[in-house]
Number of protein chains: 2
Amino acid sequence: MHFLSLSRSECDDTVTGSVSHSRFSTMEKNRLSTLVFIFSIIVVFYSPQPLAFKYAPRFLGKFAATSTKSQPPQFPYEIKYFQQRLDHFSFSELPTFPQRYLINTHHWLGPNRLGPIFFYCGNEGDIEWFAQNTGFLWEIAPQFGAMVVFPEHRYYGESVPYGSREDAYKNATTLSYLTAEQALADFSVLLTDLKQNFSAKDCPVVLFGGSYGGMLAAWMRLKYPHIAVGALASSAPILQFEDIVPPETFYDIVSNDFRRESSSCFSYIKQSWDEIESTGRTNIGLQLLTETFNLCQQLKRTQDLYDWLESAYSYLAMVNYPYPSEFLMALPGHPIKEVCRRIDGGPAGTSVLERIYEGVNVYYNYTGEAKCFELDDDPHGMSGWNWQACTEMVMPMSSSRESSMFPPYEYNYYSFQEECLKKFGVKPRPQWITTEFGGHNIHATLKKFGSNIIFSNGLLDPWSGGSVLQNISESVVSLVTEAGAHHIDLRASTQNDPGWLVEQRETEIKLIEGWISDYYLKNKAIFVM
Amino acid sequence: MHFLSLSRSECDDTVTGSVSHSRFSTMEKNRLSTLVFIFSIIVVFYSPQPLAFKYAPRFLGKFAATSTKSQPPQFPYEIKYFQQRLDHFSFSELPTFPQRYLINTHHWLGPNRLGPIFFYCGNEGDIEWFAQNTGFLWEIAPQFGAMVVFPEHRYYGESVPYGSREDAYKNATTLSYLTAEQALADFSVLLTDLKQNFSAKDCPVVLFGGSYGGMLAAWMRLKYPHIAVGALASSAPILQFEDIVPPETFYDIVSNDFRRESSSCFSYIKQSWDEIESTGRTNIGLQLLTETFNLCQQLKRTQDLYDWLESAYSYLAMVNYPYPSEFLMALPGHPIKEVCRRIDGGPAGTSVLERIYEGVNVYYNYTGEAKCFELDDDPHGMSGWNWQACTEMVMPMSSSRESSMFPPYEYNYYSFQEECLKKFGVKPRPQWITTEFGGHNIHATLKKFGSNIIFSNGLLDPWSGGSVLQNISESVVSLVTEAGAHHIDLRASTQNDPGWLVEQRETEIKLIEGWISDYYLKNKAIFVM
């Protein structure tokens, strides 16, 4: 559903138009435009001129919105707006802003029968795109008699303060209210208002979310237990902060995803960085790389190519689904298997770089329609997630020399801080998320505290390493699928769903039913499915 | 420990000097100066010219600080300062401010033995005064081997932003960060820092608080369970919001406290308002009231006398302790019994107003040293609690015509809002506290959520009606004492403590021991008392 961006391509998160320099076909553009890169990891890889910091841009926005709007929505809803305070935690005189939300009450049982409210915690992007890509929620709502609500996250899509994205993203002052806590308060205030308007004060709310949205869902259940009875937090790396998990976790999982398909594939990729590096030392070499990788523009520095390749590998690990999908890109089922088949499969004499090119073609050009590849047309654009990464969402990431197929890199907080100061004029608060939401010793903390949270994870997903992979208590549980990738459970069902996925969703439905029954029991109501 | 103010006398909450107009003796001034009026209820009583809104000023501050400083502290500590962000929930560029905290590590077991940290959630006043008046915490710390920390609440005492109280209290913009959520974040950030500095990351924190501080302790355990293992929330009316408890609750309890001593006493008080009202219609009548009540200044309107009397009754209900105390005023044990003895005891022919005067003398002048009484010298002064009451802490309070001995009054939110707009230029958010912290259906919500909270209450305390009076779960428990008043359990033990109080404190100690043992067990450490 929501994805990491390691590429340097930028496609921002609003719906205003922009000129694309890509030479892709229109169809390809539309595909590209649906890319949402949720987690913009800030990673620095070793290179002769080491970057202290690089932005991992995000894709959803002007093109994605066009994309969702150009097609009839698969799941219907009304679009509404709610005026939110910009700062819930002070009484400063600030302008309010319109929070967009999507709502469908078609199957709702209504207030008298205490019909549930299914509430998706919007992530960093256009909410319509999330709504269309969270089929699971829509599919199960009718059997629960549930109202469906998809609120947009502040500062994304149309839900921007100060009248326009341009003004909202102007500087650190205008951006300063783009935080997870404010977003959670938005959700709580909106839900309180909805409950009043629908006379639904006693109707149970179930939270859903994937990736960053999953983090929000879990945190909201912990911080606002009076507002929602439970949360399905899919692929939510709430432990990817400070020293809670080793910083190598993410890239080690990506690397293992490739190694398990083929150790030679892993080795070719691991070798490729030095080859790129040594080739790219001269202008002729850069020209050679430009040709080998069929780039639209002359390559200026190898780092850009690194970024482009690294992104492909990381995204492939996230969307390593068992069936063909068009979530980020049109891809075959088990796409890493296919990438490795092509990397390994070149005839004798095929160079490492040619093999790599064949491999990443699976990701960037599976349909074969791309004529050439753009690396990044706006590496310095302001992005909401980059702001969040530079303020609260400080996720240390390293790449191990031994176990990773990526160029080795050791995370350095101070370089990171320096770049955030330079870029946004803001100093990160790397300890704030764990101060506000916890994370250290989460098992001990939540064993007797909290209830009704599902942490679902697929072990192929590189984000799984930063999530909760063991049951914490009877009702704070972990659902782990070995062959799952990034929140596949939240996607619409398909005819090709493997048994384990069908089973995982059935378990989730049963757990949610349990929360609601339990709530009804407490409220002396009868649960009517 | 911390008390409601219904009087209109004002004594603000900073340590800077100010001229007192009182004609009291120095000793009396010192006594007055120790008054802390924690809950400033905004109550409007019926009167011929009804007040839509009146401030219930607070006493702690410049005099109290002088008072605590002039005496050698009973419980020793170091005074330290920690630079806090003014807004934890945004990245606005704002000045930091020094949060004062008191610390004592004398009995602490240290990090290796996982010595506990006892952390008092500072209320709206000078923290030194709270430290000196929370003897229970100091008395039990040695047996737990606990570090003791008393952080001051932002905007009170010395912990003011913008360099001075004057600048901090200038207007709605400077005051806008005076909120409970910011205060809780201060506590969490401070604790995180202290744990780091003392290598005490794994040391269990136990929260304590009384009155508003008790609300903060309970909310902090709910919102920051990763930071503290449990909370003793004494006399914490976390349900005194919106429609959770009937608005008449507070004054009904005060009234019952008088009626249970003597129904004639209750009736005299109930009659007195009309007598004051009819007498005060003329200037001669106002002069008569001035003389009858021995006021230092000519009474200008009967409402001021109402306020003064109502405050006395409400405070008496709160400090209706079973032994002589000097907490708010020098008072005998069971002070309401004594008040009623004097009201009832006048010889035949004694007027109602003369009886009332004799009665309230117990509260305002038990030592007999006051020459006359000041009603209010600064009814319009800015006070931190008034700001909080006008923003988040919107506690609806009415006085029932039937069951209350006070003048009947029906709470009107709109008049209240209007006055807050006029006074501070701020619009209250009456639903925010329950949106942020919950309150409705608290039993259902917390039954499977949350753990390790003691809600302790004495039923004589008028605030008990807004607190949690029944066990919610095995570890979210209610300790109710029939003969207890406002957080008597937090005060230092005395030789006159009745059996039920000794027992209550023993139960609290056992419960806290249980939380810590449980935590140690989980952390595989050995609990050494």
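Residues numbered from 1 in each chain as written. Chains lettered and ligands numbered in written order. Predicted model: local features only at pLDDT ≥ 70, side-chain atom pairs only at ≥ 80, totals over all residues. Heavy atoms only, no water.

The name an unreviewed UniProt entry gives chain A is Lysosomal Pro-X carboxypeptidase, with Clitoria ternatea as the organism.

Explain the overall build of chain A to me, using residue names and the numbers behind them.
Helix and strand content of chain A: 19 helices and eight strands. Within the span of chain A, comprising 529 residues, buried residues form 67% of the whole. Counting only contacts in chain A whose residues sit at least 6 apart along the sequence, the fraction spanning at least 24 positions is 76%. Of the roughly 18,100 Å² that chain A leaves accessible, carbon and sulfur atoms contribute 51%. (Helix = DSSP H or I, 4+ residues; strand = E, 2+ residues; numbered from the N terminus. Buried < 20%, exposed > 50% of the residue type's maximum accessible area, 1.4 Å probe, protein only. Contact = heavy atoms within 4.5 Å. Areas by Shrake-Rupley, 256 points an atom, 1.4 Å probe, with all protein chains shown as cover.)

Please set out helix α13 (residues 335-345) of chain B residue by residue, giving values where relevant.
Every buried residue of α13(B) is listed here: Pro335(B), Ile336(B), Glu338(B), Val339(B), Cys340(B) and Ile343(B). Of the surrounding secondary structure, the elements contacted by the buried residues of α13(B) are α9 (249-259), α10 (263-279), α12 (302-318) and α14 (352-364) of chain B.

Explain the relation of the copies chain A and chain B to me, using residue names and the numbers behind them.
It takes a turn of 180° to lay chain A on chain B, together with a shift of 0.0 Å along the axis; the resulting RMSD is 0.0 Å. Both copies of the chain, as the preceding transformation shows, are related through a two-fold rotation axis. A symmetric contact is evident, with 100% of the interface residues of chain A recurring at the interface of chain B. (Least-squares fit on C-alpha atoms with pLDDT ≥ 70 in both.)

Requested: an account of the interface of chain A and chain B, with residues and values cited.
Listed per partner, the contact involves 50 residues of chain A and 50 residues of chain B. Of all residues in chain A, Phe89(A), Phe91(A) and Phe449(A) bury the most surface against chain B, accounting for 20% of the area lost on that side. At the boundary of chain A and chain B, one finds two salt bridges. With a shortest N-O distance of 3.7 Å, Lys448(A) and Asp518(B) are connected by a salt bridge. Inspection of the chain A/chain B interface yields 23 residue pairs in polar contact (both at pLDDT 80 or more). At the level of elements, α7 (180-197), α8 (212-223), α15 (384-391), α17 (432-437), α18 (442-447) and α19 (499-522) of chain A are the ones that each hand at least two residues to the side of chain A that touches chain B. When the residues that make up the side of chain A that touches chain B are grouped by side-chain class, the tally is 15 nonpolar, 21 polar and 14 charged. (Buried area = accessible area lost by both parts, 1.4 Å probe. Salt bridge = Lys/Arg side-chain N within 4 Å of Asp/Glu carboxyl O. Polar contact = N/O pair within 3.5 Å; in protein donor to acceptor, adjacent residues only side chain to side chain. Nonpolar A, V, L, I, M, F, W, Y, C, P; charged D, E, K, R; others polar.)

Can you tell me about the packing of aromatic side chains, naming the residues and giving the values?
In this structure the tally under the stated criterion is 80 aromatic pairs over all chains. Taken together, a centroid distance of 5.7 Å and an interplanar angle of 80° make the contact between Trp129(B) and Phe130(B) edge-to-face. Taking the relative accessible area as the measure of exposure, Trp129(B) reaches 2% and is therefore buried. Residue Phe130(B) is classed as buried on the basis of its relative accessible area, which comes to 0%. Pairing Phe258(B) with Tyr313(B) gives two aromatic rings, centres 5.5 Å apart and planes at 80°, and the pair type is edge-to-face. Linking Phe258(B) in helix α9 with Tyr313(B) in helix α12, this pair joins segments that are 55 residues apart in sequence. With respect to burial, Phe258(B) and Tyr313(B) carry one shared label: buried. Feature note: the residues Phe75(A), Tyr77(A), Tyr120(A), Trp129(A), Phe130(A), Trp138(A), Phe150(A) and Phe327(A) constitute an aromatic cluster, connected by ring pairs. (Phe/Tyr/Trp six-rings, centres within 6.5 Å; stacked < 30°, edge-to-face > 60°.)

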